[in-house]
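Next come the chains, spelled out residue by residue.
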Amino acid sequence: MKETLNVLLLGSGGRENALAWKMAGSPLLDKLYCMPGNPGMEKVAVLLSGRPTDFPKVAEYVTLYGIDMVVAGPEDPLVEGLRDYLASDPATSGVLFVGPDRSGARLEGSKDFAKGFMGRHGIPTAAYRTFDKDSLSEAIEFLDTLRPPYVLKADGLAAGKGVLIIDDRQEAVRELEEMFSGKFGDAGAKVVIEQFLSGIECSVFVLTDGEDYMILPEAKDYKRIMDGDLGLNTGGMGSVSPVPFADGVFMKKVEERIVKPTVAAFGAEGMDYRGFIFIGLMNCDGEPYVIEYNVRMGDPETEAVMPRIESDLLSHLKAAASRTLKDEKLEVSGKTALTVIAVSGGYPGSYEKGKVISGLDALEGVTLFHSGTARSAEGDVLTAGGRVLAVVALEDDLESAREKVYSEIGKISFDRMFYRHDIGCDVAKYL
Ligand code: AMP
Ligand code: GLY
């Protein structure tokens, strides 16, 4: 096999822009293709039209462009079984693949499955039970054994909206009934009810070949739209890495109690897991509990994680996909990366698209990733989503990273542009 790789990266957000940017610097890269990608990746990749869940199209590109490795950005092609699909056809079965097969992707695709997996392997998580519409009365009985706030989770993928945290018992019962009546479609046919965990959250990222693993830099994301963590939930308004409260003692607990048993369980459960696993954690008085597994990197965490990785990500990915991760050595910068997301006015509610973005060329000393943008026929960069751009600074410490991002992001403008001003502020007290 030739030394360098043709890589097909699937996805179109800030996460994929950050992955593309990082892989582009690798001496192992021959050519990078992104499907569908976005204008932020134009300089480093060839953009190919299509959706990552269009499996025949992905297979066609793999053959047409001589792709050696496919990297899945988002979860939906994984949950729908893209890896199994490519493996089942002799024309594409030889391609390396970063991302679990359908059985591994159930860790994100079914919350009930993920909770059962954690239970079977002694991985710390909130107490829970799962119910369906035929067990509504048992569900209410279980609810009454818990103290508010009540945590209700649609079992399946619900575009990030399937978790409800409700203070009032009557409202919780009403929501439960609505979930069973199809509020989230099939995703809500089963509902996980779990104990509320009180603490501070952090995202831990692991790259594994199913046997060995490397723990990538951790990050914290900021989900609410407004400063002070107020207002509606969004896809993420910013991120910071490292996370000051995830110190050596905490991360040792995470590795021993969560990462090691999780990776060991892949083998024990017969999963051929090769790819990222993103562990959403709650730090409850210094003790880590798993809130959720995702089978991909986080967005906007990736935009803060990638700039801190100093070793060759592409080499690590190739090793994960070919089961040789034990030979790889991760190198991480001790600097702080801080990401602020510029969003369209109105987001996460309705918003307009197609606004011309100006000021991008004026940015200095920061890295820019595109999340939701498009290129107009005239060559302008236009807004094309709720989350539009990610501006990232990598500096010696948190305060300098904050100063740098906020001095630069002000140079960008588009009609009704909005961003949070307090990314990273809450964690300063743990320094
Ligand atoms: P998930 O989609 O599982 O990430 O849940 C969305 C968000 O709900 C999480 O990021 C947490 O902020 C919150 N959450 C989920 N489960 C719990 C829990 N058991 N206790 C407290 N907060 C939770
Ligand atoms: N930032 C959280 C996620 O990507 O799911």
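These figures come from a predicted structure and were not determined experimentally.

Enquirer: Account for the layout of surface pockets, naming residues and giving values.
Expert: Where empty space is left becomes clear once a probe the size of a water molecule has been rolled over the atoms. Counted as a void, the second largest pocket has a volume near 430 Å³. Around the second largest pocket sit 16 residues that line it, and P39, G40, K43, L368 and H370 are the ones nearest its centre. Mapped onto the lining of the second largest pocket, the elements with two or more residues apiece are helix 1 (14–24) and strand 19 (367–370). At four residues, strand 19 tops the list of elements feeding residues into the lining of the second largest pocket.

Enquirer: Let's hear about the site of ligand 1: which residues, and what values?
Expert: Lining the immediate surroundings of ligand 1 are 14 residues, of which E194, Q195, L197, E201 and E292 lie closest. In the model, an oxygen atom of ligand 1 is placed 2.7 Å from a nitrogen or oxygen of the E292 side chain. Contact with the protein chains covers 86% of the free accessible surface of ligand 1, which is 470 Å². Here the shell around ligand 1 is built from residues that sort into seven nonpolar, one polar and six charged.

Enquirer: So what's going on with empty space enclosed by the protein? Which residues, and what values?
Expert: Tallied over the entire structure, the rule returns two cavities of 30 Å³ or more. The volume enclosed by the largest cavity comes to roughly 80 Å³. L107, E108, K111, A114, K115, M118, K153, V192, E194, I291, E292 and Y293 together form the lining of the largest cavity. At the level of secondary structure, the elements contributing two or more residues to the lining of the largest cavity comprise helix 5 (102–109), helix 6 (111–120), strand 9 (190–194) and strand 17 (287–294). Tallying contributions element by element places helix 6 first for the lining of the largest cavity, with four residues. The volume enclosed by the second largest cavity comes to roughly 30 Å³. As for the second largest cavity, its lining consists of S344, G345, E352, K355, D415 and R416. Here the residues of the lining of the second largest cavity are counted per class, giving no nonpolar, two polar and four charged.

Cut-off values and rules
- Residues numbered from 1 in each chain as written.
- Chains lettered and ligands numbered in written order.
- Predicted model: local features only at pLDDT ≥ 70, side-chain atom pairs only at ≥ 80, totals over all residues.
- Heavy atoms only, no water.
- 1 Å grid on protein atoms, 1.4 Å probe; cavity = no way out; pocket = protein on both sides within 12 Å on 5 of 7 lines; lining within 4 Å.
- Points joined across faces, edges and corners; volume = space filled by probe spheres on them.
- Helix = DSSP H or I, 4+ residues; strand = E, 2+ residues; numbered from the N terminus.
- Near = heavy atom within 4 Å.
- Polar contact = N/O pair within 3.5 Å; in protein donor to acceptor, adjacent residues only side chain to side chain.
- Areas by Shrake-Rupley, 256 points an atom, 1.4 Å probe, with all protein chains shown as cover.
- Nonpolar A, V, L, I, M, F, W, Y, C, P; charged D, E, K, R; others polar.

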